[in-house]
Each structure stands twice: as structure tokens, then as C-alpha cells.
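For reference, the chains in residue letters:
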Amino acid sequence: MKKMLIENRELPLLLSSKLREMIAEKGMKPGDRMPSEGELVEMFGVGRSTVREAVKLLLADNVVEIHRGRGTYLTEAPGVKKDPLGLGFSNQNKLLQNLLESRLLIEPQIARLAALRATGENLSRLSRAIGEMDAAEKQKAKDFPSRDVEFHMAVAECTQNDVLYRILPLICDSIREGYLETMNVPGSNRKAIESHIRIFEAIRSGNPDDAMKQMRLHILQAMDDAKIVIGGMKK
């Protein structure tokens, strides 16, 4: 009886692992709908309670999210929990500086790799991201920072490196944090868009050195707007 109870407790964990494998094998992407509870019961030959518990485990790990009345979907960053680095407990006075410094060390290299590997589909996404950012700036929309983040995520996607794509959201919080610091700086949003255009052109031209240079200048401009000076990282 004790062994059976242990096995029953392990079933949801085993099923959650199987579901992760299914997501990877099918190449499912953020926003894709998961099979329904009934479909999962039939696919894996388990009870509904096991399916529910397994889905709860995926929810806890930010793999899926539930939309009431619509179903269960993959999250925008499957498996990446909110604040996995515990930045909420770090020195908040230096958080923006630390985030921007991290981006300055990482993103220029991401842009360089993007210029070497970007596909036509990647370039289309980059172009759309700039267009959405431009529209948000003209409309003075509150979601401007989100459009900004989308561009940087699209650059990371160009690398065809899933690890880099998953790492970037951890430091992209600096875009939202920085926006709060620079929202009253005249022309800061327009400068960001113009920088994005230059980064895009370098990636589209397949020029890795220029892509790296333009991304570096872009982040340094963000630091300048936020009045952040980091020794040894001059333009």
C-alpha cells in the first residue's frame, strides 16, 4: 500500500516530464495551445486528477498558462520563472546600472551572431517589431517598452541559439526600468527607434561587426539618457 501511494504521487511528476518532452518534440512555440485535459488522458492513459496535477507543475514552472474558457497555452518564455535571479532582492539603487552593464557585455555579441545567422523570417519579424515600436511612439502608447523588448528578443531569435533567446529576458527588464528613468527625456524613444533601424540594417546586410557596433552604441545611448556612467565602457 505504501509503495502504491508513492507511485501515485510520482505519476504527476512523470507526466509533467512527458509533457515537456512532447512540447520539445512537436516544436511547440509560445502561444500554442496544449491538448485538452481529455486528450491528455487518452494520450497518456492516466486519470484526470493526474493530468491536473501535472499541469499544475507546469504552471508553477511557467511552462504553461491557463486562459479561462479557452484552454492551456505555452507561455511567452516557457520554463523561465519570474525573477529567477532574485533581482527583486538585489540593491535596487544599482539595479538599472547592473542590468545595462550586463546587456552591454552580452547583447553586442548577440547582434553579431544575429547578422551571421538571420533568416528571411527573422528579418521580417525585426521589421515588424520596429514598425510596432514606431506606431507606439507616435501614439504615445504605454506599451512602448514592451515593443522595445520585442525587438531585442527578435534579435536574439536571429542567432538560432535557444539558450541566448532564453537568457535575454533576464536582463531585458532594464528596458522597462530604463523607460521609467528616461520617459521624460526629450527624444529618447525616437533615438531608440533610430538605433534599432541601424541595428536591423546591419543584421540584414549580414555585417556582424557593424551589428555589434550599433548594438553597443544603442545601449550606451540608453545609459547616457538614464545618466548612468560605467567606467571603462566608453563609446
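A quick note: this is a predicted structure, and the numbers were derived from the prediction, not measured.

Q: For this particular structure, what's the right way to read helix 4 (residues 95–117)?
A: Spacing of three or four residues puts side chains on the same side of an α-helix, whose turn is 3.6 residues. With 23 residues, helix 4 should cover 33 Å at 1.5 Å per step; its first-to-last C-alpha distance of 32 Å lies within 8% of that length. At L104, helix 4 is deflected by roughly 35°, the largest bend along its length, and proline P108 occurs up to four residues later in sequence. Three or more residues of helix 4 are buried, namely L95, L96, L99, L100, R103, L104, E107, P108, I110, A111, A114 and A115.

Q: How should the side chain of T159 be read in this particular structure?
A: Assignment of secondary structure puts T159 in the loop between helix 6 (144–158) and helix 7 (162–171). For T159, a relative accessible area of 0% translates into the label buried. Ignoring anything within four residues of it in the chain, the contact list for T159 reads I110, L113, A114, R117 and L164.

Q: Before we go on, may I ask you to explain the side chain of E107 in this structure?
A: Following the sequence through the fold, E107 ends up in helix 4. The exposure class of E107 is buried, given its relative accessible area of 0%. Once residues lying within four places of it in the same chain are set aside, the contact partners of E107 are H152, L168, M215 and I219.

Q: Hey, could you run me through the layout of surface pockets in this one?
A: Rolled over the atoms, a probe as big as a water molecule pinpoints where empty space is left. Quantified by volume, the second largest pocket comes out at close to 240 Å³. Along the wall of the second largest pocket there are 16 residues; nearest its centre are E37, V51, V55, I66 and T72. At the level of elements, helix 2 (37–44), helix 3 (48–60), strand 1 (64–67) and strand 2 (71–74) are the ones that each hand at least two residues to the lining of the second largest pocket. The biggest single contributor to the lining of the second largest pocket is helix 3, with six residues. Taken together, the residues of the lining of the second largest pocket break down into nine nonpolar, three polar and four charged.

Rules and cut-offs
- Residues numbered from 1 in each chain as written.
- Predicted model: local features only at pLDDT ≥ 70, side-chain atom pairs only at ≥ 80, totals over all residues.
- Heavy atoms only, no water.
- Helix = DSSP H or I, 4+ residues; strand = E, 2+ residues; numbered from the N terminus.
- Expected span 1.5 Å × (residues − 1).
- Bend = angle between axes of the 7 residues up to and from the residue.
- Buried < 20%, exposed > 50% of the residue type's maximum accessible area, 1.4 Å probe, protein only.
- Contact = heavy atoms within 4.5 Å.
- 1 Å grid on protein atoms, 1.4 Å probe; cavity = no way out; pocket = protein on both sides within 12 Å on 5 of 7 lines; lining within 4 Å.
- Points joined across faces, edges and corners; volume = space filled by probe spheres on them.
- Nonpolar A, V, L, I, M, F, W, Y, C, P; charged D, E, K, R; others polar.

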